[in-house]
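The chain contents come next:
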Amino acid sequence: MTPYENPELDLILSELPALIEKNKSLRDILLANLAIIGETPSPTFKEENRIRLLLDRFTELGLSKTSIDEMGNGVAVIDGQGGDNNLMIVAHADTIVSEKINHNYTITPDEVIGPGVADNSLGVAVLATLPYILQQIDYVPQNNIILVAATRSLGRGNLEGLRFFLANSKLPVKQAISVEGVRLGRLSHKSIGMLRGEITCKIPEQYDWSRFGSSSAILTLNEVINKINDIRLPKRPKSSIVMGTISGGNSFNSIATTASLRFEIRSESVQLTREIAERIDEITAEVTSGAGETVRLDTFASREPGGIPFSHPLVRSTRKIIQELGVEPRLAPSTSELAAFIDYNVPAITLGITEGEHLGDDNESIRIEPIYKGLAQLIAVIKAIDGGICE
Amino acid sequence: MVEEKERQNLKISLCLPTLNEESTIGKEVVLFRSELMSRYPLLDEIAVIDSGSTDKTLEIASNFGADTYLASDILPDLEPKKGKGENLWKSIYQLKGDIIVFVDADIKNIHPRFAYGLIGPLIYRPEVQYVKGFYDRPLTLSNVTRPSGGGRVTEILTRPLFSLFFPELTAIIQPLSGEYAVRRNVLEEISFPIGYGVETSHLLDVYGKYGMQAFAQSDLDQRIHDNKSTRDLGKMSFGILQTFLTRCKEMGVLDTHKDYETVFRQFQAVSSDYQVVEHHIIEDERPPMNTIAEYREKFGLDKSK
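Calculation rules
- Residues numbered from 1 in each chain as written.
- Chains lettered and ligands numbered in written order.
- Predicted model: local features only at pLDDT ≥ 70, side-chain atom pairs only at ≥ 80, totals over all residues.
- Heavy atoms only, no water.
- Helix = DSSP H or I, 4+ residues; strand = E, 2+ residues; numbered from the N terminus.
- Rg over C-alpha atoms; globule rule 2.2 N^0.38 Å.
- Buried < 20%, exposed > 50% of the residue type's maximum accessible area, 1.4 Å probe, protein only.
- Contact = heavy atoms within 4.5 Å.
- Areas by Shrake-Rupley, 256 points an atom, 1.4 Å probe, with all protein chains shown as cover.
- Lys, Arg positive; Asp, Glu negative; His and termini not counted.
- Charge placed at Lys NZ, Arg CZ, Asp CG, Glu CD.
- Core = buried A, V, L, I, M, F, W, Y, C linked by side-chain atoms within 4.5 Å.
- Buried area = accessible area lost by both parts, 1.4 Å probe.
- Salt bridge = Lys/Arg side-chain N within 4 Å of Asp/Glu carboxyl O.
- Polar contact = N/O pair within 3.5 Å; in protein donor to acceptor, adjacent residues only side chain to side chain.
- Nonpolar A, V, L, I, M, F, W, Y, C, P; charged D, E, K, R; others polar.
- Pairing = 2+ DSSP bridges.
- Patch = residues over 30% accessible without salt bridge, like charges linked within 9 Å, V, L, I, M, F, W, Y side chains within 5 Å.
- Domains from an automatic or database assignment.
- Phe/Tyr/Trp six-rings, centres within 6.5 Å; stacked < 30°, edge-to-face > 60°.
- Lys NZ or Arg CZ within 6 Å of the ring centre and 35° of its normal.
- Axes fitted to C-alpha atoms, helices over the stretch in contact; angles between N-to-C directions.
- Expected span 1.5 Å × (residues − 1).
- Arc of directions from axis to C-beta.

1. Considerations on the overall build of chain A
Looking only at helices and strands, chain A features 11 helices and 17 strands. On C-alpha atoms alone, chain A measures out to a radius of gyration of 23 Å, which is about the 21 Å that the 2.2 N^0.38 rule sets for 391 residues. A burial count over chain A gives 55% of its 391 residues as buried. Counted over contacts in chain A with a minimum sequence separation of 6, partners at least 24 positions apart contribute 80%. Accessible surface computed for chain A: about 17200 Å², of which carbon and sulfur atoms make up 49%. If you average the places of the 38 positive and of the 50 negative side-chain charges in chain A, the two averages end up 3 Å apart.

Dropping the structure here:
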């Protein structure tokens, strides 16, 4: 046998077509879970209702070890047949959608439409359905599978839920898979360094009216943005500054007294991430020194770069599984859950389940057909890890 | 509930009457099939009975595994009629259930409770024949009093009419809700207006035949759907009024009630406690002013003679 041959993985690959067919027959169960979970608002820091719903699902499926921890994470364990290891499947339970938004979903034969459906209601629905699928295909794992719907993941949440679980769980995690709704083929195994922040500009309510027309918090923020734009980034290590959202002012005819910018620094280098952050800090101080304005920088989330190499057996096996499904693996680095696993030295990957459109909008949608492959991929990777061929 | 249903050897059918409901029908069928057929086998069939949709309602419903029928294809030898009541009536012929659950197809926040909440009382209480859904979700959990009731037509038309002629029926919190479950032996005994009056006539007929003890009500929490325009509500009211007056005539109510009831009943809810609020509204009449002696005197009406 050459080092490239792996009969155990070949067996898993050969089961994929039957698995896809089986998943088709379970469509209604998954879609019903998706609608029920997705229609329960779950903005970051307010995930309780969605988590409780998920736990009810786990209990209905006969999982006995279900709990909600201090950070609000929803946890369930599928008991293995005596194996010593714990494999973890995580999906972040929070969405960027405010609870004030109408959360009603529409289901058509081709797609499901509704806010947060791709990011990450589908991921949580997969978590809710996974024990049922494993029961239906008569798969009892050797090792324990820990299912975690992680809270406080996005934005200011800064992966607090998952970090808390990894820091405090009595069950040491051997390997982990993070499940995201989109996109099928995504295979993230590295996390890039990241630092997130918000710059807020304020001018006094009674501003210098002699400068009528030229004074505004928006103009001050504009100055900040221009200066950030002037920061020169090296070609290597790869780095970028993402200007994410901007807001300010109230109406057409009143001077904006506050304006804010949310940004993210991404880099393969920790050192460079820090340098860019320092430069932005200097810019805010520089602009503040102007008359009357205050410019404040608030950084609230950061990730260290890291991950497992391309040649890691987990990445290699997953790549083969995705290719066997006729999908081209996309090896994009991630700033998501992987970062927490990296901090705790747990080999982990992020997988996508299907295709989606209008991401982040109220009419966010996911396609149903690719889900069958997406689920088959997830189950095959679980089998591969459980079978010990990813170490 | 499933065990008890099986013990009683009952068959339960879910009927979704439709006319152009492509945006909501998929989710309804998926949720009911997944939760109440695959996971908990409470329903024996899910049928969509359509009035002739021009959109993809039937295609979508069928794709998700519902049995789909065009109302006009059921009992085709009868003279064709069109309306929601017609679909419901024909469902009695087409479906096999001992209990039929009717759920409107335009509900945006559909949930399995819309079916099991209505079925429960029929399974556990043999005396109950007709279970009506109502919706009431408190905005806060404090013990403040809040008005509880139905839509505009219910509060402006149906409730005043019931208060006048059938005071006992005012106990039905949402008489016009499209969500109800009924035993076949009751459904086959009552006639069906084909249009908007069907819910009203059901209540009057079941009340007439079986009395109030035949009714149960289920709190289905909240129902989100598109609001109808005032013009549409006008049409609906006209249909309901027609049915109501026809029934009153048949029941001899219009002739015998020389003095109408003067108590108008509405509901308010404190926490989950529903209280009847009775308003004594006496639309008393004053005679023409010129029949009042004081008036006649003040304005010298008698002097001119």
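Next comes the rest of the write-up.
2. Points about the nonpolar core
Counting residues in hydrophobic clusters, the biggest one holds 113 residues, and the most contacted among them are Ile89(A), Ile177(A) and Phe32(B). Here the element with the most residues in this core is helix H5 (residues 117-136) of chain A; it accounts for 12 residues. Apart from residues lying up to four places away in sequence, Ile177(A) is in contact with Met88(A), Ile89(A), Val90(A), Ile349(A), Leu351(A), Leu378(A), Val381(A), Ile382(A) and Ile385(A). Grouped together as the second largest cluster of nonpolar side chains are 39 residues, Leu95(B), Tyr130(B), Phe192(B) and Tyr207(B) included.

3. Quick look at the interface of chain B and chain A
Interfaces are often sized by the accessible area lost when the parts come together. Counting residues at the interface gives 18 residues for chain B and 17 residues for chain A. For the pair chain B and chain A, the summed buried area comes to about 1600 Å², and 55% of that belongs to carbon and sulfur atoms. One can count four salt bridges joining chain B with chain A. Of the charged contacts, one joins Arg33(B) and Asp28(A) as a salt bridge, the two residues approaching to 3.0 Å between their closest N and O atoms. Taken together, the connections running from chain B to chain A amount to seven residue pairs in polar contact (both at pLDDT 80 or more). Looking at the side of chain B that touches chain A, the elements that each hand over two or more residues are helix H2 (22-39) and helix H3 (57-63) of chain B. Partitioning the side of chain B that touches chain A into residue classes produces seven nonpolar, six polar and five charged.

4. Concerning the pairing of strand S5 (residues 130-134) of chain B
Residues and elements named next belong to chain B. The buried fraction of S5 is high, at five of five residues. Here S5 shows no split at all, with Tyr130, Lys132 and Phe134 on one side and Val131 and Gly133 on the other all buried. Pairing geometry for S5 and strand S7 (residues 180-183), over three bridges, is antiparallel. Following the sheet pairing, Tyr130 is matched in S7 by Val182. Pairing geometry for S5 and strand S8 (residues 215-219), over five bridges, is parallel. If you follow Phe134 over to S8, its bridge partner there is Asp219.

5. Concerning a nonpolar patch on the surface
Residues Met1(B), Tyr116(B) and Tyr124(B) make up a contiguous nonpolar surface patch of roughly 290 Å² in combined accessible area. Locating Tyr124(B) in the fold gives a position in helix H5 (residues 113-124).

6. Quick look at the side chain of His92(A)
Residue and element names in this part refer to chain A. In this structure, His92 sits in strand S3 (residues 86-92). Residue His92 is classed as buried on the basis of its relative accessible area, which comes to 2%. At 2.8 Å, the side chain of His92 forms a polar contact with the side chain of Asp119. Non-local contacts of His92, meaning those with residues more than four positions away in its chain, are made with Asp119, Asn120, Val124, Ala150, Ser153, Leu154, Glu180 and Glu337.

7. Remarks on the domain arrangement of chain A
All names here are of chain A. When the domains of chain A are assigned, the result is domain 1 (7-191 + 305-386) and domain 2 (193-303). Contacts between the two partners involve 12 residues from domain 1, matched on the other side by 15 residues from domain 2. Summing the contributions of domain 1 and of domain 2, the shared interface buries around 940 Å²; its carbon and sulfur component is 47%. The salt bridge involving Arg156 is made with Glu198; its shortest N-O contact spans 2.9 Å. The interface formed by domain 1 and domain 2 contains three residue pairs in polar contact (both at pLDDT 80 or more). Its residues assigned to classes, the side of domain 1 that touches domain 2 comprises four nonpolar, six polar and two charged.

8. Examining the packing of aromatic side chains
A complete count under the given rule lists 10 aromatic pairs over all chains for this structure. Between Phe102(B) and Tyr180(B) the ring centres are 5.4 Å apart and the planes differ by 50°, which places this aromatic pair in the tilted class. With Phe102(B) in strand S4 (residues 99-102) and Tyr180(B) in strand S7, this pair connects stretches of sequence that are 78 residues apart. In this structure Phe102(B) comes out as buried when scored by relative accessible area, which is 1%. Through a chain of ring-to-ring contacts, three or more aromatic side chains come together here, namely Phe162(B), Phe165(B), Phe166(B), Tyr207(B) and Phe244(B). Here Arg156(A) stacks its cationic end above the ring of Phe300(A), 4.0 Å away from the centre of that ring.

9. Section: the pattern of salt bridges
Enumeration according to the criterion identifies 34 salt bridges over all chains in this entry. Taking the shortest distance from any N to any O, the salt bridge between Glu60(A) and Arg39(B) comes out at 3.5 Å. Within this pair, whereas Glu60(A) is found in helix H4 (residues 48-60), its partner Arg39(B) is found in helix H2, the two belonging to separate chains. Given a relative accessible area of 15%, Arg39(B) falls into the buried group. Residue Glu127(B) pairs with Arg125(B) through a salt bridge whose shortest N-O separation is 2.8 Å. Judged by relative accessible area, Glu127(B) falls into the partly exposed class, the value being 38%. Residue class for Arg125(B) comes out partly exposed when judged on its relative accessible area of 47%.

10. Thoughts on the sheet that holds strand S12 (residues 258-267) of chain A
Residue and element names in this part refer to chain A. Taken together, four strands build an open sheet; the order of strands is S11-S12-S10-S13 and the sheet is antiparallel. For this open sheet the edge positions go to strand S11 (239-248) and strand S13 (294-303), each flanked by a neighbour on one side alone. Each strand of the sheet is rotated relative to its neighbour by a mean of 15°, with strand direction disregarded. As judged from the nine bridges shared by S11 and S12, these two strands associate in the antiparallel manner. The residue of S12 that forms the bridge with Ser240 is Arg266.

11. Brief notes about helix H8 (residues 270-288) of chain A
Residues and elements named next belong to chain A. Taking 1.5 Å per residue, 19 residues should reach 27 Å; H8 reaches 27 Å between its end C-alpha atoms and fits that length. Along H8, the positions that sit buried rather than exposed are Leu272, Thr273, Ile276, Ala277, Ile280, Ile283, Thr284 and Val287. Looking straight down H8, one finds that the buried residues subtend no more than 140° of arc, so they occupy a single side. Buried residues belonging to H8 abut strand S10 (193-202), helix H7 (217-229), S11, S12 and S13. Its side-chain oxygen placed 3.2 Å from the backbone nitrogen of Gln271, Ser269 serves as the N-cap of H8.

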